[in-house]
Amino acid sequence: MSHGGPAGSPIAWLKPMNFSSQDLAVFVGFFVIVVGLSVWKSRQGRGSSEDSSGFFLAGRGLTWPLIGISIVAANISTEQMVGMAGQAAGSTGLAVSCWQLLGSVFIVVISMTLLPKFLRAGIYTMPEYLEYRYNAAARGVMAALTVVIYAVVMLPAVLYSGGVTLRAITGMDLGKSVWLIGLIGAGYSAVGGLKAIAWADLVQGLALLAGGILIFFLGLREVGGWESFASANADKLHMVLPSDDPDLPWTGVAGGMWIVMIYYCGLNQFIVQRNLAAKSLKHGQLGMIFAGGLWLLVPFAMVMPGLMAQQLYGERLAQSTDAAFPTMVTQLVSPGLRGLIYAAIAGAVTSTLASLLNSASTIATMDVYRRMFHGSASQHYLVWLGRGLTLGFVVAGCAIAPMLDDPRFGGVFQYIQQFQGYIWPGVVAAFLMPFVLPRIPAAAGVTALIVGPAAYAAFQFTSRTEARPWGHELHFLIQVLLAFAVVAGVMVAMTLASPLARPKELPVRDDMRLETEPVVRIAGALVILGVIAFFIAFW
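Procedures and definitions
- Residues numbered from 1 in each chain as written.
- Predicted model: local features only at pLDDT ≥ 70, side-chain atom pairs only at ≥ 80, totals over all residues.
- Heavy atoms only, no water.
- Axes fitted to C-alpha atoms, helices over the stretch in contact; angles between N-to-C directions.
- Helix = DSSP H or I, 4+ residues; strand = E, 2+ residues; numbered from the N terminus.
- Parallel < 35°, antiparallel > 145°, perpendicular 65-115°, else oblique.
- Left-handed = near helix turned anticlockwise from the far one by under 90°.
- Nonpolar A, V, L, I, M, F, W, Y, C, P; charged D, E, K, R; others polar.
- Contact = heavy atoms within 4.5 Å.
- Phe/Tyr/Trp six-rings, centres within 6.5 Å; stacked < 30°, edge-to-face > 60°.
- Lys NZ or Arg CZ within 6 Å of the ring centre and 35° of its normal.
- Buried < 20%, exposed > 50% of the residue type's maximum accessible area, 1.4 Å probe, protein only.

What's the story with the packing of helix H9 (residues 174-223) against helix H17 (residues 337-372) in this structure? I'm lost.
Direction vectors running N to C along H9 and H17 enclose 140°, while the axes themselves pass 6 Å from each other. Taken together, the axes of H9 and H17 lie oblique to each other. For the element pair H9 and H17, the recorded crossing hand is left-handed. Residues belonging to the contact of H9 with H17 are distributed by class as follows: 18 nonpolar, eleven polar and one charged.

And the structure:
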């Protein structure tokens with residue numbers, strides 16, 4: 001999950017891999033099928049392409065299989081496949097799976113708590129919800145923050161990590177690789193909107209997971225079976241690490257990871273947009289739970305292959321463990337099939353990219369342009385504005401992305417880290433505190449969005465470095481927790497000082513049933529039991 005936590009560094013140093021003519025044919029054929037299917041399916045349904053709900057929310061008609069697989073495809077990009085396998089091969093081992101497995105738990109919980117409230121309100125975006133809870137200023141601030149983070153941080157980071165991987169596979173120039181990925185992702189996103197993205201994700205998400213599982217079994221055979229693998233990696237097959245571990249201590253996981261998970265699974269527009277487009281509450285909930293169930297495969301499809309790579313090809317990984325997953329592909333997979341795995345890796349990038357582009361254009365169109373400048377804009381105009389913004393965002397991202405190859409940025413993961421932690425505490429507090437304090441004043445929304453980054457910055461700039469030997473050594477997840485506590489404290493004080501006369505009433509979408517059906521509860525319980533079983537097995 002693109003959580004902003006430490007997950008290795010880019011693989012820019014890799015030499016071009018063996019890319020045969022068979023691989024190239026499969027690679028190109030894969031994307032022809034993906035783009036063709038996505039555009040064709042998005043055009044089905046007369047007039048849907050000219051309606052803002054159809055373009056930005058797929059006509060609110062997505063079913064649970066599409067939602068689930070699309071969430072997985074959007075979530076897992078190159079930094080996940082390469083970074084998680086690399087960190088597993090390094091010092092963190094299997095514990096890096098905590099990000100995905102706790103995500104499985106929280107996405108189930110959110111499907112039964114926050115999602116019904118969002119669907120009942122009939123919102124397009126997460127900033128829109130803040131206007132109903134607080135005021136237009138809160139919506140505007142969150143919209144601006146989200147668009148800037150997506151356009152300046154997330155889009156360039158995804159494009160760069162994908163470009164680096166494509167450069168490693170084919171030897172293509174980094175700039176050309178970035179523009180190729182950008183044009184593919186922007187192409188079907190601009191033409192077909194969220195519906196096109198969901199159908200492309202169906203193919204790319206399945207190929208991604210299938211490729212990872214294939215690598216797992218090929219690697220398991222190469223190391224001599226499970227017993228040999230478990231024996232050689234006994235010290236790394238643990239989900240819980242000591243409190244003094246620099247990468248992922250159990251104190252950080254227990255203390256602050258829940259804040260990250262609530263934001264990522266429940267409030268992050270580029271993930272949540274699929275849930276807002278659900279055909280019904282049942283489809284939205286089952287889609288989220290299905291995604292949580294598929295995330296249970298990540299330790300096997302991406303993390304354990306990293307451990308196997310270290311066991312099999314340790315000398316080749318001496319320069320950087322981020323070569324772990326690509327090395328497994330080149331060493332164990334035959335030509336042709338190898339091209340399919342390469343395509344799946346590149347497809348993971350285009351899925352995440354297309355989702356980010358669609359979400360950024362949705363917020364810029366609905367929360368900024370329509371809300372602040374042109375409330376009477378026609379549906380046709382809003383769709384074409386969304387398309388134009390999609391292309392504008394990808395051009396900006398492609399222009400910034402190659403700059404991340406400069407060593408002074410410290411790698412794409414550090415680049416993301418420097419910004420994501422500033423968002424989580426304030427946004428999560430802004431959404432959660434009204435449920436605890438129904439009479440919270442309108443001014444508390446903007447206050448949370450401003451105090452959150454300021455509180456996190458205070459911890460960041462007082463941490464121990466060579467220049468600050470007196471600083472603290474708190475793990476960044478503990479810093480997130482403390483920053484959240486500061487924001488929550490300020491919001492409580494504001495409510496005590498100036499409470500609303502009565503709680504705000506949210507809009508109600510009459511056509512949405514809000515009862516959680518038994519099958520949803522059973523499916524969610526099975527996913528959570530699966531996570532518990534995994535933690536017990538690899539404690």
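There is more to say after this.
Would you mind going over the environment of methionine 257 with me for this structure?
Its place among the elements puts methionine 257 in helix H12 (residues 257-267). C-alpha of methionine 257 to C-alpha of cysteine 98: the two residues are 159 residues apart in sequence and 9.3 Å apart in space. Residues in contact with methionine 257, not counting those within four places in the same chain, are Cys98, Trp99, Leu102, Leu248, Gly252 and Leu477.

Would you mind going over the packing of aromatic side chains with me for this structure?
Two numbers describe a pair of aromatic rings. These are the distance of the centres and the angle of the planes. Within the structure shown, the criterion is met by 16 aromatic pairs. The rings of Phe216, Phe217, Trp226, Phe229, Phe300, Phe534 and Phe538 are connected pair by pair, giving a single aromatic cluster. Above the face of the phenylalanine 435 ring, arginine 133 is positioned so that its terminal group lies 5.0 Å from the ring centre. Just above the ring of tryptophan 384 sits the side chain of arginine 387; from NZ or CZ to the centre is 4.6 Å.

Explanation requested: the side chain of glutamate 131 in the structure shown.
With respect to the element layout, glutamate 131 can be found in helix H7 (residues 126-133). Not counting residues within four places of it along the chain, the set of residues in contact with glutamate 131 comprises Ala136, Arg139, Arg371 and Lys504.

Please clarify how the packing of helix H1 (residues 21-43) against H17 should be interpreted in this entry.
Angle between the axes and distance between the axes: these two values describe a pair of packed helices. Running from N to C, H1 and H17 cross one another at 40°; their axes reach a closest spacing of 8 Å. Judged by the inter-axis angle, H1 sits oblique to H17. Handedness of the H1/H17 crossing: right-handed. Touching Asp23, Val26, Phe27, Phe30 and Phe31 of H1 are Arg338, Gly339, Leu340, Tyr342, Ala343, Ala346, Gly347 and Thr350, all from H17. Its residues assigned to classes, the contact of H1 with H17 comprises eight nonpolar, three polar and two charged.

So what exactly am I meant to see when it comes to helix H13 (residues 269-276) here?
One turn of the α-helix equals 3.6 residues, which is why residues spaced by three or four share an orientation. Of all eight residues making up H13, eight are buried, and the element is well covered by its neighbours. Looking only at H13, the buried set comprises Gln269, Phe270, Ile271, Val272, Gln273, Arg274, Asn275 and Leu276.

As far as function goes, none of this settles anything; it's purely spatial.
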